[in-house]
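The residues making up each chain are set out below.
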Amino acid sequence: EHRMAMLEEKISAGDGEAQLNRMRLYAKEKMFAEMLADLRGSYQLFKASLTPDQSADKFFSALAELKLAQDNPSLVLELLAEEFVTAASPPPLGKEMVARRNDILSSSLSVIRQKKVKGLTAPVLGIAPLLEPEYLQHAAAQTLDASYRGEEDLPVLKEAVANGSVLAQLISVGPLSKAAP
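So, here is what we can say about the structure in this document.

Parameters at a glance
Residues numbered from 1 in each chain as written. Predicted model: local features only at pLDDT ≥ 70, side-chain atom pairs only at ≥ 80, totals over all residues. Heavy atoms only, no water. Salt bridge = Lys/Arg side-chain N within 4 Å of Asp/Glu carboxyl O. Helix = DSSP H or I, 4+ residues; strand = E, 2+ residues; numbered from the N terminus. Buried < 20%, exposed > 50% of the residue type's maximum accessible area, 1.4 Å probe, protein only. Phe/Tyr/Trp six-rings, centres within 6.5 Å; stacked < 30°, edge-to-face > 60°. Lys NZ or Arg CZ within 6 Å of the ring centre and 35° of its normal. Contact = heavy atoms within 4.5 Å.

1. What about the pattern of salt bridges?
Oppositely charged side chains are able to pair whenever their charged atoms sit close together.
And step 1. All told, the structure shown has 11 salt bridges when counted by the stated rule.
And step 2. The closest approach of N and O atoms between Lys178 and Asp145, which form a salt bridge, is 2.7 Å. Within this pair, whereas Lys178 is found in helix H11 (residues 166-179), its partner Asp145 is found in helix H9 (residues 134-147), the two being separated by 33 residues in sequence.
And step 3. The partly exposed category is assigned to Asp145, whose relative accessible area is 30%.
And step 4. Within this structure, Glu8, Arg22 and Asp38 form a network of salt bridges that share partners.

2. Regarding the packing of aromatic side chains
The relative placement of two aromatic rings is captured by the distance of their centres and the angle of their planes.
And step 1. Per the counting criterion, the structure on display carries 5 aromatic pairs.
And step 2. Ring plane angle 50° and centroid distance 6.3 Å describe the contact between Tyr43 and Phe84, whose orientation is recorded as tilted. Of this pair, Tyr43 sits in helix H3 (residues 32-49) while Phe84 sits in helix H6 (residues 73-84); the two residues are 41 residues apart in sequence, bridging distant segments of the chain.
And step 3. Tyr43 sits in the buried class, given a relative accessible area of 0%.
And step 4. Look at Phe60 and Phe84: their rings are 5.7 Å apart centre to centre, the planes differ by 45°, and that puts the pair in the tilted class. A residue pair is termed long-range when its members are at least 10 positions apart, and Phe60 in helix H4 (residues 52-65) and Phe84 in helix H6 qualify at 24 residues. Each of the two residues, Phe60 as well as Phe84, counts as buried.
And step 5. Through a chain of ring-to-ring contacts, the aromatic side chains of Tyr43, Phe59, Phe60 and Phe84 assemble into a single cluster.
And step 6. The ring centre of Phe84 lies 5.1 Å from the NZ or CZ of Arg101, which sits over that ring.

3. Observations concerning the environment of Pro91
And step 1. Secondary-structure assignment places Pro91 in the loop between H6 and helix H7 (95-115).
And step 2. On a C-alpha basis, the gap between Pro91 and Glu134 in space is 22 Å, while along the polypeptide they are 43 residues apart.
And step 3. Leave out the neighbours within four places in its chain, and Pro91 touches Tyr43, Pro52, Glu83 and Phe84.

4. Let's talk about the environment of Ala140
And step 1. Within the secondary structure layout, Ala140 lies in helix H9.
And step 2. Distance from Ala140 to Ala168, taken between C-alpha atoms, is 9.5 Å for residues 28 residues apart in sequence.
And step 3. For Ala140, the residues in contact, after removing those within four places along its chain, are Leu109, Val124, Leu131 and Ile171.

If you want it as structure tokens, here you go:
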């Protein structure tokens, strides 16, 4: 109780590390919504005070620490799309941080395929602009195949092929041709 009050005070003063500490406490207590809010909030605090690479490093480290790529890969796709695709001004990352983000994407896509998680067509397409390396494009296309639910995913795939970014089109064509011969 006292510790939470102290952390709250530090967070109010803009301390991202304090928010990460509170995130860890929430994770231990299985308070998922609060943990997620602190993950997002700490990244915003870091972005305000650190370079894009330094803040991304903290964010990626927190994702790894929480084992989100293994335990909740669809959430990871959502978070990465939120911060690096649909954000008002996605941060410019250096090569090392782009490589780290690619590793997280690759792991998340792999877990989705292994667990055959259905219904993730939209989230996979949401990260399409981040799929510069060819190996990630192949992984995303295979993931679209593995997570395909049938009729309910067809309109999303058709829309991606018709009007999506080049990368969204690229990863959707194969799964769409199998889905709607």
